[in-house]
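Take a look at the letters that make up each chain.
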Amino acid sequence: MLQLLILLVFAYAQDNYGTYPAYAWAVAYGVLSMLMTAMFGGQLMAVMVSGMILTVYAWGYFVVLR
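Described in the following lines is the structure provided in the data block. (Residues numbered from 1 in each chain as written. Predicted model: local features only at pLDDT ≥ 70, side-chain atom pairs only at ≥ 80, totals over all residues. Heavy atoms only, no water.)

Time to look at the environment of Met39. As for its position among the elements, Met39 is in helix 2 (residues 22-39). The spacing of Met39 and Ile6 is 33 residues in sequence and 16 Å in space, taken between C-alpha atoms. (Helix = DSSP H or I, 4+ residues; strand = E, 2+ residues; numbered from the N terminus.)

Okay, here's the thing in structure tokens:
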């Protein structure tokens, strides 16, 4: 749920301060997601896989948003 709220904040920031391309916002979200997963006790492989999946998902979301 927290990651969804962060995604919405990133979408709002992209919409209002969108000087960067969509992939930059997606990579920032993916890195933040990976850090949060690692901070809450995730294993290294799970952190990397979930970060990659969420980066691709966020990239698609941000491209559609534009």
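After that view, the rundown keeps rolling.
Turning our attention to the packing of helix 1 (residues 2-16) against helix 2. The geometry of helix 1 relative to helix 2 is characterised by a closest axis approach of 11 Å and an angle of 155° between their N-to-C directions. The orientation of helix 1 with respect to helix 2, classified from their angle, is roughly antiparallel. The interaxial crossing formed by helix 1 with helix 2 has right-handed handedness. Counted together, Leu2, Gln3, Ile6, Leu7, Phe10, Ala13 and Gln14 of helix 1 and Ala22, Trp25, Ala28, Tyr29, Leu32, Ser33, Met36 and Thr37 of helix 2 form the full contact between these two elements. Classifying every residue of the contact of helix 1 with helix 2 gives eleven nonpolar, four polar and no charged. (Axes fitted to C-alpha atoms, helices over the stretch in contact; angles between N-to-C directions. Parallel < 35°, antiparallel > 145°, perpendicular 65-115°, else oblique. Left-handed = near helix turned anticlockwise from the far one by under 90°. Contact = heavy atoms within 4.5 Å. Nonpolar A, V, L, I, M, F, W, Y, C, P; charged D, E, K, R; others polar.)

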